[in-house]
Amino acid sequence: MEADIKCLECGKGTRNFELGEVFYCRENPTSNTLIKNEVICPKCKASISNEKFLVKENYFYMGIITANLCIASKMSIPEHLRGAKLINEKDYDKFSSYCKSKPKFVNKF
């Protein structure tokens, strides 16, 4: 899944950054979102995995809503949203030990 991010190490933003597989819960996606792989800043090359990067909350919501609509209507998911995976609240703990990153959400940067 792609998103606009901002590194908290160097302070630079990156548009359309590929996050990879993103797991989120339907009940509260912004506090229950996990990313499978480690996130490396494309500008400073630092590891920014554990809430050391910002993601625009509104764009993230639009992406997962679009992915959910495509799944529900049995349409193909757009390529930039293919990594979005819906998980249950009870499975969140299993995925949290498996995933390496967690974003921090903001309205704007």
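Whatever comes next refers back to the structure up there.
Now for a description of the structure that goes with this document. Owing to the predicted nature of the structure, the values given are computational and were not obtained by experimental measurement.

Structural notes on the overall build of the chain
Point 1. Across its full length, the chain carries two helices and seven strands.
Point 2. Element order for the chain, N to C, with α for helix and β for strand: β-β-β-β-β-α-β-α-β.
Point 3. Relative to a compact globule of 109 residues, whose C-alpha radius of gyration would be 13 Å, the chain shows 13 Å and is just as compact.
Point 4. For the chain, the C-alpha atoms occupy an extent of roughly 40 × 25 × 20 Å along the three principal directions.
Point 5. Looking at the 109 residues of the chain, the share that counts as buried comes to 41%.

Brief notes about the pattern of salt bridges
Point 1. A full pass over the atoms with the stated rule returns two salt bridges.
Point 2. The residue K36 makes a salt bridge to E21 at a minimum N-O spacing of 3.3 Å. Residue K36 is located in the loop between β4 (33-35) and β5 (50-56), and its partner E21 is located in the loop between β2 (13-18) and β3 (22-25); the two are separated by 15 residues in the primary sequence.
Point 3. Look at K36 and you get partly exposed, because its relative accessible area is 25%.
Point 4. Assessed through its relative accessible area of 27%, E21 is described here as partly exposed.
Point 5. K94 is the salt-bridge partner of D91, the closest N and O atoms lying 3.3 Å from each other.

Concerning helix α1 (residues 57-72)
The periodicity of an α-helix, 3.6 residues per turn, causes residues three or four positions apart to be oriented the same way.
Point 1. Between the first and last C-alpha of α1 there are 22 Å, a value that for 16 residues agrees with the 22 Å anticipated at 1.5 Å per step.
Point 2. Residues E57, F60, G63, I64, A67 and C70 constitute the buried set of α1. Within α1, the buried residues cover an arc of 160° as seen down the axis, which keeps them to one side. Projecting away from the buried face of α1 at angles above 90 degrees are the exposed residues L69 and A72.
Point 3. Along its buried surface, α1 packs onto β3, β4, β5, β6 (84-87) and β7 (102-106).
Point 4. One or two steps after α1, the chain reaches K74, where phi turns positive at roughly 60°.

Focus on the sheet that holds β7
Point 1. If you walk across this open sheet you meet the four strands as β2-β1-β5-β7, and the pairing is mixed. Single-partner strands in this sheet number two, and they are β2 and β7. Going from strand to strand, the sheet's axes swing by 45° on average, the running direction of each strand aside.
Point 2. In the sheet, strand β1 (residues 2-7) pairs with β5 via three bridges, with the strands oriented antiparallel. Residue pairing across strands places C7 opposite F53, the latter belonging to β5.
Point 3. Sitting on the sheet, α1 touches β1, β5 and β7, and the angle it makes with β5 is about 75°.

Points about the environment of S49
Point 1. Tracing the sequence through the fold places S49 in the loop between β4 and β5.
Point 2. Among the residues examined, S49 registers a relative accessible area of 5% and is labelled buried.
Point 3. Residues S49 and F109, spaced 60 residues apart in sequence, show a C-alpha to C-alpha distance of 18 Å.
Point 4. Beyond its immediate chain neighbours, meaning those up to four positions away, S49 contacts E38, V39, K100, S101 and K102.
Point 5. Reaching out from S49, the side chain makes a polar contact with the backbone nitrogen of V39 at a distance of 3.0 Å.

Cut-off values and rules
- Residues numbered from 1 in each chain as written.
- Predicted model: local features only at pLDDT ≥ 70, side-chain atom pairs only at ≥ 80, totals over all residues.
- Heavy atoms only, no water.
- Helix = DSSP H or I, 4+ residues; strand = E, 2+ residues; numbered from the N terminus.
- Rg over C-alpha atoms; globule rule 2.2 N^0.38 Å.
- Buried < 20%, exposed > 50% of the residue type's maximum accessible area, 1.4 Å probe, protein only.
- Salt bridge = Lys/Arg side-chain N within 4 Å of Asp/Glu carboxyl O.
- Expected span 1.5 Å × (residues − 1).
- Arc of directions from axis to C-beta.
- Contact = heavy atoms within 4.5 Å.
- Pairing = 2+ DSSP bridges.
- Axes fitted to C-alpha atoms, helices over the stretch in contact; angles between N-to-C directions.
- Polar contact = N/O pair within 3.5 Å; in protein donor to acceptor, adjacent residues only side chain to side chain.

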